[in-house]
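Read off the chains here:
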Amino acid sequence: MAESMHGLKRTCRCGELTPEYIGQTVTVMGWVQKSRNKGGIVFVDLRDRAGIIQLIFEESKVGKEGFEKAAKLRSEFVAAVTGEVTRRSGAVNPNLKTGEIEIVAKEIRILSESETPPFPIEENSKTKDEVRLKYRYLDLRRPDLQRNLMLRSEAAALIRQFFTEEGFLEIETPVLNKSTPEGARDYLVPSRVHPGSFYALPQSPQLFKQLLMCSGYDRYFQIVKCFRDEDLRADRQPEFTQLDMELSFVDVDDVIEVNERLLQKLFRLVNVEVSIPFPRMTWQEAMDRYGSDKPDTRFGMELVDVTETVKDCGFGVFTGAVENGGSVRGINAVGQGAMPRKKIDKLVDFAKDFGAKGLAYLAVNEDGTYKSSFAKFMTEEELSGLVKAMDGKPGDLLLFAADKNKVVWDVLGNLRLELARQMELLDKNEYKFLWITEFPLLEYNEELGRYQAMHHPFTMPMEEDLPYLDTEPGRVRAQAYDIVLNGTEIGGGSIRIHQNEVQEKMFRALGFTTETAYQQFGFLLNAFQYGVPPHAGLAYGFDRLIMLMAKEDNIREVIAFPKVKDASCLLTEAPGAVDKEQLEELGIEVVKKQEEAEGCRR
């Protein structure tokens, strides 16, 4: 039967004890990690968020009743124990912070009993994610997850202190907003008092933080929940935390400088010393060299443009791509020339997943001969020139994509990362930061038949490109910047438009009429009539940033209660049906999609 802790006070956490406590009487409380009954003595490992301490129960010290209680302890029982800290009588455990000491118990109370848990509470769990997430309250007891969430808390505290010292104000923005286009799908919330109308949960505080700059607050930040109704992956969730900021009277260098100092301080939490300033690279250079606007620069294997080398060769796949306005590019997988054909075929299939029609390869044998999928279509001289252009050496594997630039970049950019994984080139202990700048302002959406903003409609164009906004919108570069770490975009921002005539040009380029623009963004545009300071901002995916700091591969490992791939919660079984009365009060009727209805009939 569970006992009360009345009259008993915890004096310290289990993992906080050190040899300095030897000789002192302490009271610890926590969960039983494991218990070993050796007949006349019971050994118990007691665990809390700070770590584990070994307890020793002897009848002569704890009494008959206390010894009987200790013998009953099982995994995940909650206990309170008072005793004397002593040096370990047995072998020291170098794997524990408290491995030199133990507590000889004088009193024990069992505060709560536990059923046998569905999986062991231990680090590096091999339990299936579905089981771990269903019993997340147990999963969260594991020391590695607890370290992650404690790191997250430390990081948030450091961020607040840093920005406060830099003159920023922490200001909350609304959660119930108006739905606006030009982004991911919104989560909608029906209004009971405005039948037929809906709020949208914020995808970001973008418009409100710009209004705060209009209101003269100069420097704002917020650690804020945001929501996007989009497909999930390892580093994305439907609800996520954003570190958001906006600054007035600044340029790109000002925003970058303050953020580099922030990141330098943050990474000291994980004992990583970051050198600043970080390198910068334009979007065009990143695409040409890495096939990605978030390149992983921990390894080389850069893309090589061989269009000029092969434009007149005898291989129709290469020449056809060039004639159609595309390019031919390759990567050199150094030392992979002996890769088996089956493995190469898998790389071909991998490339097709990213839009490639195929993947050409050429292996340079140790004797200087070639093994290739296209050698028979080219002369010895053409092949030799191609290998030279790729800096190919005996033992290397050269892989080529030929298509429109966008396809070639996407294929080789992803293939480069896949090869790096296979070749074990990705060192989790190495941190390579990079700023990507001068993004295209607009990108053409074939489905919509018009341009759309690559970031958002309030991003300022590069001043020298302004004349092209009306005539050649696809040529215009943005004063936008992303911060990339080890191939992951952890944040992004831009200088904002603050001049009415430029904002009107931007809306025209996006196909907006004045009326449409005011319908969707009227409250911001009206505010812009009353004196707008030049301003800029940046936002981080906070969960993603902590994931990288913690050296985790999945964002769920740094979120207390995450969703799974279909945006559901296995713990609470959300989303779920609601009462008919609730729907009627909101004026909502649930209509099943046709395919769901057919599925039910089948």
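Further up the page is the structure itself.
These lines cover the structure that appears in this document, whether it is placed above or below.

The rules behind the values
Residues numbered from 1 in each chain as written. Predicted model: local features only at pLDDT ≥ 70, side-chain atom pairs only at ≥ 80, totals over all residues. Heavy atoms only, no water. Helix = DSSP H or I, 4+ residues; strand = E, 2+ residues; numbered from the N terminus. Contact = heavy atoms within 4.5 Å. Buried < 20%, exposed > 50% of the residue type's maximum accessible area, 1.4 Å probe, protein only. Arc of directions from axis to C-beta. Salt bridge = Lys/Arg side-chain N within 4 Å of Asp/Glu carboxyl O. Pairing = 2+ DSSP bridges. Axes fitted to C-alpha atoms, helices over the stretch in contact; angles between N-to-C directions. Disulfide = S-S within 2.5 Å.

Another aspect to go through is the environment of Tyr518. Structurally, Tyr518 can be placed in helix α14 (residues 514-527). Considered as a pair, Tyr518 and Tyr135 are 383 residues apart in the sequence and their alpha carbons are 48 Å apart. Beyond its immediate chain neighbours, meaning those up to four positions away, Tyr518 contacts Leu525, Asn526 and Gln529.

Let us look at helix α11 (residues 380-389). Buried within α11 we find Leu383, Leu386 and Val387. Along α11, the residues classed as buried sweep out an arc of 100 degrees about the axis, all on the same side. In α11, the exposed positions angled more than 90 degrees off the buried face are occupied by Glu381 and Lys388. Elements that come into contact with the buried residues of α11 comprise α8 (307-310), α9 (316-323), β14 (360-364), β15 (370-372) and β16 (397-403). Where α11 terminates, the next one or two residues include Asp391, which has phi positive at roughly 55 degrees.

What follows concerns unusual backbone geometry. Between Ile276 and the following residue, Pro277, the backbone shows a cis peptide bond with an omega angle of 0 degrees. Across the junction of Ala574 and Pro575, the peptide omega takes the value 0 degrees, indicating a cis bond. Mapped onto the elements, Pro575 comes out in the loop between α15 (542-549) and α16 (580-586). Backbone geometry at Asp391 places phi at a positive 55 degrees, although glycine is not the residue there.

This part covers the pattern of salt bridges. For the structure on display, the rule yields 47 salt bridges. As a salt-bridge pair, Arg142 and Asp144 come within 2.7 Å of each other at their nearest N and O atoms. Given the relative accessible area of 2%, Arg142 is considered buried. Note that Glu273 and Arg268 form a salt bridge whose closest N and O atoms lie 2.9 Å from each other. Classification of Glu273 as exposed rests on a relative accessible area of 55%. What makes Arg268 partly exposed here is its relative accessible area of 40%. What you see here is one network of salt bridges that share partners, running through Asp129, Arg132, Arg136, Asp139, Arg142, Asp144, Arg556 and Glu557.

On to the sheet that holds strand β1 (residues 25-37). The sheet built from five strands closes into a barrel, its strands ordered β1-β2-β3-β5-β4 with mixed pairing. For this sheet, the mean inter-axis angle between neighbouring strands, taken without regard to orientation, is 55 degrees. Running over the sheet, helix α1 (residues 59-72) touches β1, β2 (41-48), β3 (51-58) and β5 (101-112) and is turned about 45 degrees from β5.

Attention shifts here to the state of the cysteines. On inspection of all chains with the given rule, the structure shows zero disulfides. Cysteine Cys226 remains unbridged, with the sulfur of Cys569 as its closest cysteine sulfur at 19 Å. For Cys226, a relative accessible area of 0% gives the class buried.

Let's shift gears to the sheet that holds strand β13 (residues 327-333). Backbone-to-backbone hydrogen bonds join strands into a sheet, with any given pair of strands oriented parallel or antiparallel. Spatially, five strands are ordered β12-β13-β16-β14-β15 in an open sheet, and the strand pairing comes out antiparallel. Here the strands that pair on one side only, and so sit at the sheet edges, are β12 (304-305) and β15. The sheet strands contacting helix α12 (residues 405-422) are β13 and β16, and the helix crosses β13 at an angle near 5 degrees.

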